[in-house]
Each structure stands twice: as C-alpha cells, then as structure tokens.
Amino acid sequence: DGGITQSPKYLFRKEGQNVTLSCEQNLNHDAMYWYRQDPGQGLRLIYYSQIVNDFQKGDIAEGYSVSREKKESFPLTVTSAQKNPTAFYLCASSILGDLTEAFFGQGTRLTVV
Amino acid sequence: AQSVTQPDIHITVSEGASLELRCNYSYGATPYLFWYVQSPGQGLQLLLKYFSGDTLVQGIKGFEAEFKRSQSSFNLRKPSVHWSDAAEYFCAVGVRGGYQKVTFGTGTKLQVIP
C-alpha cells in the first residue's frame, strides 16, 4: 500500500539537543514538504523539496534543517537553535505541478523536556 | 499573496443535524481550494478539492463544498452529521506555482453531541 510514513510518532528532546524526524514515501512523488502545526495556527511550511539534492526554505525554516538524498526520504532535523520546538510535525508529498494535492503522513509530536 | 479565514474556531452540532463550515479566501484570481479533515493526533486527509469547473464539489464521507466567487467562499457542508465526523477541519487555498504555495486556515474543531 502506498503512503507516507513518519517516525517516531512521539519524540522527547532535552533542551540543547538536535533531533531528526523521519519521513519516507513510496508514492513515487517528486515533491515533499515539512509542516509545523501548533494549536490555533493551522499548518506552516518549514521546508520543501522538488527534486533530489535540492530543497527550499518555507515560511518558518529558522532552527530547522533537511536533506533529500533519496527521492523517497526527506528527514527533518530540529536543531538546538529552534527556540520553541514543541509542536506537531507533518510530512507530505505530491507530484509536481499546479493542479495537485498532497498526501500527509500521520505526524510526529515533538516535546521538549 | 493569498490568505484564508475560517471564522469559527469551534462548532458543536447534534448527531443527524446538518453542518456548514465556513471558509473565506482572499486572492485576486481563481484559487485552488481544499478541505482537509484531521482526527486527533493524526495527519490530514483530503475531503475534496476545487481546481476549476463545476462550483459544487462532492467529496468523500458525504461532504460537499460550493465555490462562490462573488463571496470569496468555499463552505463545507454535510446534510447529516455522524458522531465519527468529530474532528478538526482545515480549509486551504493554493495558487499557481506548486503545492508549496498552499496556505492553510487555522481550522474549525467540530464536536458532535448525541
């Protein structure tokens, strides 16, 4: 079954630590996205990638980093520079182009302890 | 740049009653419009989308939405709500240039009471 897998579902981080969230898709989509979701704020785009070895900053990229070494994978690292990392993180993928929809993973809840 | 407003943060309806969730957008041209549903702790599932053509769009789970250009609205409707419809609903607006240009509303949380 095709889809997007995010892991882990829950993640706890101590202040000052970097953590990496995994996102894998088997939909053969070229484009992948990372969003942050906070209560009452909807989804905000962190980074996106349209091709392997290339990615672009979204609206709230500060304190985050990504890589796209394989078409199927788009991991997100939350660095110690991210001032308020506690949030729900969603990964998505889509085909390229205008008239397209994205498919979302089940999310990772990150909590700083 | 485009924007989207969901004026209702929280809505409560009785099971079996009709539902309408409001969504207003701001954009100079015809946008692409989406409605998503999110159960607690889960990802987003697409209910329906409007790209062009018929302004009344049918989606999954018995939902429909109507694009009204004159009102800049894309309200989501369901004639009879089921308890399993309790979730958060997000309206989103996209423009040309790829999905990364999609802007999400802040969501409406739906509570269904017996």
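Structure shown above.
Participant: Can you explain the state of the cysteines? Please cite residues and give values.
Facilitator: In the structure shown here, the tally under the stated rule is 2 disulfides over all chains. Each sulfur of the disulfide joining C23 of chain A and C91 of chain A lies 1.9 Å from the other. Looking along the S-S bond of the C23 of chain A-C91 of chain A disulfide, the torsion reads about -75 degrees, which is the left-handed sense. Remark: C91 of chain A occurs in strand 9 (residues 87-94) and C23 of chain A occurs in strand 3 (residues 19-25); sequence separation between them is 68 residues. For the pair C23 of chain A and C91 of chain A, one class covers both residues: buried. Across the disulfide, C23 of chain B is cross-linked to C91 of chain B (sulfur-sulfur distance 1.9 Å). Its S-S torsion of about -65 degrees marks the bond between C23 of chain B and C91 of chain B as left-handed, since a negative value means left-handed. Separated by 68 residues along the polypeptide, C23 of chain B in the loop between strand 3 (19-21) and strand 4 (24-26) and C91 of chain B in strand 10 (residues 87-94) bring together distant segments of the chain.

Participant: Got a sec to walk through the pattern of salt bridges? Specific residues and values, please.
Facilitator: The tally for this structure, following the rule as stated, stands at 9 salt bridges over all chains. Residues R77 of chain B and E64 of chain B are paired through a salt bridge, measuring 3.1 Å at the closest nitrogen-oxygen approach. Here E64 of chain B lies in strand 8 (residues 64-68) and R77 of chain B lies in strand 9 (residues 73-78), a separation of 13 residues in the sequence. What you see here is one network of salt bridges that share partners, running through R36, D38 and R44 of chain A.

The rules we used
- Per-chain numbering applies: the sequence of each chain, read as written, is numbered from 1 onward.
- As a convention, the first chain written is A and the first ligand written is 1, with the rest following in written order.
- Given that this is a predicted model, residues contribute local features only at a pLDDT of at least 70 and side-chain atom pairs are listed and counted only at 80 or more, while totals for whole chains, interfaces and linings are drawn from all residues.
- Excluded from the side-chain calculation are hydrogens and water; included are all heavy atoms of the structure.
- Any pair of cysteine sulfurs within 2.5 Å is marked as a disulfide.
- For the purposes of this entry, the term helix denotes a DSSP run of H or I that reaches at least four residues, the term strand denotes a run of E that reaches at least two, and both are numbered from the N terminus.
- When accessible area is computed with a 1.4 Å probe and restricted to protein chains, residues below 20% of their type maximum are described as buried, those above 50% as exposed, and intermediate ones as partly exposed.
- One side-chain nitrogen of Lys or Arg within 4 Å of one carboxyl oxygen of Asp or Glu is enough to make a salt bridge.

By themselves, these are just geometric observations and shouldn't be taken as functional.
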